[in-house]
Amino acid sequence: MKVVLKTSGGSFLKAEADSIGCVEVLATVCSTILMVLTLPISIFLCFKVVQEYERAVIFRLGRLRSGGARGPGVFFVLPCIDNYCKVDLRTVSFDVPPQEVLTRDSVTVSVDAVVYYRIRDPLNAVVQVANYSHSTRLLAATTLRNVLGTRNLSELLTEREAISHSMQVTLDEATDPWGVQVERVEIKDVSLPDSLQRSMAAEAEAAREARAKVIAAEGEMKSSRALKEASDIMCESPAALQLRYLQTLSSIAGEKNSTIVFPLPIELIGPLMNITSSITSKMAANSATSATTVAEPRPSEVID
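These figures come from a predicted structure and were not determined experimentally.

**Student:** Quick question: what am I supposed to make of the nonpolar core here?
**Tutor:** Here is a general trend for soluble globular proteins: nonpolar side chains tend to be buried in one another's company. Formed by 34 residues in total, the largest nonpolar core has its most connected members in Val 96, Val 109, Val 111, Val 115 and Leu 148. Broken down by secondary-structure element, the contributors of at least two residues to this core are strand S4 (54-60), strand S8 (92-102), strand S9 (108-119), helix H3 (122-127), helix H4 (132-148), helix H5 (153-158), helix H6 (160-175) and strand S10 (180-191). Looking at which element gives the most residues to this core, the answer is S9, with 6 residues. Other than its neighbours up to four places away in sequence, Leu 148 contacts Val 101, Thr 103, Val 111, Leu 156, Ile 163 and Ile 187.

As structure tokens, this is what we get:
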């Protein structure tokens, strides 16, 4: 009698019942007799224990036993005709070796990643694939090259999370028939050639210098506008210029061991210059009057 088991991954496995054919019945009877004759030593060989995070897949005469995977705890096997495989259900991580990848914009980079997976269905992991761990590693390396080959260098450097999620979905779909669930994929490092690193550094430096020049020019423009507005205000109020002089002197006076050369404002010199010019004009007028008086003849000299 055949029993068909449907696994959680959706695939179907055929398991043979305990009594199938004369050969199987004879082998089972002989194994039972051998176990009884070798008691109590056979107890240590027939009873097996698996941990909480493990499951045991049992084969009897090469056929998968019905009932699915055993465990956790104690399970029973017949000597000589039963054998079993332990499957670890814990999450396993492995490093994907650095892969030389040619991006879509023809740039060669070296990328490595780390993959986290666990066994969801122990039966499929044992029956459907010869070595699920090795197969998952090879598939992860191939998927990494295929996914990165469709991306540009800028996308590879800035969209790591999206690329990791895409790899995780692709790997999970591919390993689902094996009973393996890929939980997470992370890109660890992206190594660029030295020449490309120097070129990118030069490009970034040039871009920073260009931005610095633009910012400095904008600052000069704003400061010139502010100075123009300040000069217009000072032209409307001459006293503002004097206050600015006093402010400058106050800020300079805070520094010691310094010589201050203070320019005298034109507004203060103007009245003095007017007084000096008026005095000078009066003196010139008096000098001219005296010279005229000396040049005229005296009356006595004319009579003689």
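**Student:** Could you clarify how one ought to interpret unusual backbone geometry in this entry?
**Tutor:** With the exception of glycine, the majority of residues adopt a negative phi angle, and the majority of peptide bonds are in the trans configuration. Here Gly 71 and Pro 72 are connected by a cis peptide whose omega angle stands at 0°. With respect to the helices and strands, Pro 72 occurs in the loop between strand S5 (63-64) and strand S6 (73-76). Positive phi, close to 60°, is recorded for Ser 106, a residue that is not glycine. Mapped onto the elements of the fold, Ser 106 is located in the loop between S8 and S9. Exposure remark for Ser 106: the relative accessible area of 58% places this residue in the exposed category.

**Student:** Just checking my understanding: could you explain the packing of aromatic side chains for this structure?
**Tutor:** Aromatic ring pairs are described here by two measures, namely the spacing of the ring centres and the angle between the planes. The final tally for this structure, using the stated rule, is 3 aromatic pairs. Between Phe 75 and Tyr 84, the ring centres sit 5.3 Å apart and the planes meet at 80°, which makes this aromatic pair edge-to-face. Looking at Phe 75, the relative accessible area reads 6%, which means it is buried. Judged by its relative accessible area of 29%, Tyr 84 is partly exposed. Between Phe 94 and Tyr 117 the ring centres are 5.8 Å apart and the planes differ by 65°, which places this aromatic pair in the edge-to-face class. Note that Phe 94 is positioned in strand S8 and Tyr 117 in strand S9, a separation of 23 residues in sequence. Just as Phe 94 is buried, Tyr 117 falls in that class too. Between Arg 90 and the ring centre of Tyr 53, over which it is positioned, the NZ or CZ distance is 3.9 Å.

**Student:** Help me understand H6 in this model?
**Tutor:** Along an α-helix, a turn takes 3.6 residues, which lines up residues three or four apart on a common side. With 16 residues, H6 extends 22 Å from end C-alpha to end C-alpha; this agrees with the ideal 22 Å at 1.5 Å per step. Looking at the buried positions of H6, the neighbouring elements they touch are S9, H4, H5 and S10.

**Student:** Just checking my understanding: could you explain the pattern of salt bridges for this structure?
**Tutor:** Pairs can form between side chains of opposite charge whenever their charged atoms are close. In this structure the tally under the stated criterion is 10 salt bridges. Linking Asp 88 and Arg 90 is a salt bridge whose minimum nitrogen-to-oxygen distance equals 2.8 Å. The exposure class assigned to Arg 90 is partly exposed, which follows from its relative accessible area of 43%. One salt bridge connects Glu 159 with Arg 151, and the closest N-O pair in it is separated by 3.4 Å. You can call Glu 159 partly exposed: its relative accessible area is 34%. With relative accessibility at 17%, the residue Arg 151 sits in the buried group. Salt bridges linked by common partners bring Arg 60, Arg 65 and Asp 82 together as one network.

**Student:** I would appreciate a short explanation of the side chain of Arg 151 in the present structure.
**Tutor:** With respect to the element layout, Arg 151 can be found in the loop between H4 and H5. In terms of polar contacts, Arg 151 uses its side chain to reach the side chain of Glu 159, at 3.4 Å. Non-local contacts of Arg 151, meaning those with residues more than four positions away in its chain, are made with Thr 103, Arg 104, Glu 159 and Ile 163.

**Student:** Honestly, the environment of Ser 133 in this entry has me stumped. Any pointers?
**Tutor:** Inspection of the secondary structure puts Ser 133 in helix H4. The spacing of Ser 133 and Ile 119 is 14 residues in sequence and 9.8 Å in space, taken between C-alpha atoms. Looking at Ser 133, its side chain comes within polar contact range of the side chain of Tyr 117, at 3.4 Å.

**Student:** How should the environment of Asn 83 be read in this particular structure?
**Tutor:** Within the secondary structure layout, Asn 83 lies in strand S7 (residues 82-88). Given the relative accessible area of 45%, Asn 83 is considered partly exposed. Leaving out residues up to four positions away in the same chain, Asn 83 has contacts with Val 57, Ile 58 and Phe 59.

**Student:** Help me out: how do you make sense of the sheet that holds S10 in this one?
**Tutor:** Sheet strands line up and pair through hydrogen bonds in the backbone, either parallel or antiparallel. Spatial ordering of the open sheet is given by S8-S9-S10, a layout of 3 strands whose pairing is antiparallel. Lying at the two open borders of the sheet, with one neighbouring strand each, are S8 and S10. Taking each pair of neighbouring strands and ignoring which way they run, the sheet shows an average axis angle of 25°. Taken together, the 10 bridges between S9 and S10 define a ladder with antiparallel strand orientation. Within S10, the residue paired with Arg 118 across the bridge is Gln 181.

The rules behind these values
Residues numbered from 1 in each chain as written. Predicted model: local features only at pLDDT ≥ 70, side-chain atom pairs only at ≥ 80, totals over all residues. Heavy atoms only, no water. Core = buried A, V, L, I, M, F, W, Y, C linked by side-chain atoms within 4.5 Å. Buried < 20%, exposed > 50% of the residue type's maximum accessible area, 1.4 Å probe, protein only. Helix = DSSP H or I, 4+ residues; strand = E, 2+ residues; numbered from the N terminus. Contact = heavy atoms within 4.5 Å. Phe/Tyr/Trp six-rings, centres within 6.5 Å; stacked < 30°, edge-to-face > 60°. Lys NZ or Arg CZ within 6 Å of the ring centre and 35° of its normal. Expected span 1.5 Å × (residues − 1). Salt bridge = Lys/Arg side-chain N within 4 Å of Asp/Glu carboxyl O. Polar contact = N/O pair within 3.5 Å; in protein donor to acceptor, adjacent residues only side chain to side chain. Pairing = 2+ DSSP bridges. Axes fitted to C-alpha atoms, helices over the stretch in contact; angles between N-to-C directions.

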